[in-house]
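Commentary on secondary and tertiary structure
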Amino acid sequence: MSENQQAIIRTGGRQFRVSTGSVLRVEKLPVEAGATVNFEVLLVGQGDAVKIGKPLVAGAKVEAKVVSHGRGSKLIVYKFRKRTNYRKKQGHRQAYTEVKITSIAG
C-alpha cells in the first residue's frame, strides 16, 4: 500500500475520490463514532495500475473510521406564489457522518 493510492467509492447515492488519510463528509451512516466502516469500491489504482469495476472491483476494500456525526449549515427553503398571499418559509439541516479513510486495499 502506497500513500498515493486512490480509489473511487460509492456511499449515500454519491461517489467520492479518496486516498489514505483523507477526511470526508458522507450521508449519515447508522454506526457509532469510532467504529470502522467499509465502502463499495468502483475504481482503485496507483499511477498507471488502475482496476475498474463492473460495477464493483472484486476483492478491493476501503476501510474508514467514523470521526463524528453532525448536521450541516441551515438552508432556507422559501416558497412563494404571486397574488395569492402564499408564502412558506422552512429551514433544513442535512445530517452527515465525517469519516477518515484508514486503508485502501486492492
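Residues numbered from 1 in each chain as written. Predicted model: local features only at pLDDT ≥ 70, side-chain atom pairs only at ≥ 80, totals over all residues. Heavy atoms only, no water.

- In the annotation of an unreviewed UniProt entry, the chain is listed under the name Large ribosomal subunit protein bL21 and assigned to Nannocystis punicea.

1. Describing the overall build of the chain
- Secondary structure assignment for the chain yields 0 helices and 9 strands.
- Taking 106 residues into account, the globule formula puts the C-alpha radius of gyration at 13 Å, and the chain, at 19 Å, lies well above it.
- Within the chain, the proportion of its 106 residues that are buried is 29%.
- Accessible area of the chain: about 7400 Å², with a carbon and sulfur share of 49%.
- Each charge class in the chain was averaged separately, 20 positive and 7 negative side chains, and the resulting centres sit 18 Å apart. (Helix = DSSP H or I, 4+ residues; strand = E, 2+ residues; numbered from the N terminus. Rg over C-alpha atoms; globule rule 2.2 N^0.38 Å. Buried < 20%, exposed > 50% of the residue type's maximum accessible area, 1.4 Å probe, protein only. Areas by Shrake-Rupley, 256 points an atom, 1.4 Å probe, with all protein chains shown as cover. Lys, Arg positive; Asp, Glu negative; His and termini not counted. Charge placed at Lys NZ, Arg CZ, Asp CG, Glu CD.)

2. Notes on the pattern of salt bridges
- The final tally for this structure, using the stated rule, is 3 salt bridges.
- A salt bridge links R25 to E98, with the shortest nitrogen-to-oxygen separation between them at 3.4 Å. With R25 in strand 3 (residues 23–27) and E98 in strand 9 (residues 95–105), the pair connects residues that are 73 residues apart, well separated along the chain. (Salt bridge = Lys/Arg side-chain N within 4 Å of Asp/Glu carboxyl O.)

3. Here's the deal with unusual backbone geometry
- A cis geometry characterises the amide bond from K54 onward to P55, with omega recorded as 0 degrees.
- Even without glycine at this site, N85 takes up a positive phi of about 60 degrees.
- If you trace the backbone, N85 turns up in the loop between strand 7 (75–81) and strand 8 (86–92).

4. Focus on the packing of aromatic side chains
- Summed over all chains, the structure comprises 0 aromatic pairs.
- The positively charged end of R81 is found above the aromatic ring belonging to Y86, 4.8 Å away from the centroid. (Phe/Tyr/Trp six-rings, centres within 6.5 Å; stacked < 30°, edge-to-face > 60°. Lys NZ or Arg CZ within 6 Å of the ring centre and 35° of its normal.)

5. A short note on the nonpolar core
- With 19 residues, the main nonpolar core has V18, F39, V62 and I101 as its most contacted residues.
- Mapped onto this core, the elements with two or more residues apiece are strand 1 (6–11), strand 2 (14–19), strand 3, strand 4 (36–46), strand 6 (61–71) and strand 9.
- Beyond its immediate stretch of four places on either side in the chain, F39 contacts I9, T11, L29, V62, A64, V99 and I101. (Core = buried A, V, L, I, M, F, W, Y, C linked by side-chain atoms within 4.5 Å. Contact = heavy atoms within 4.5 Å.)

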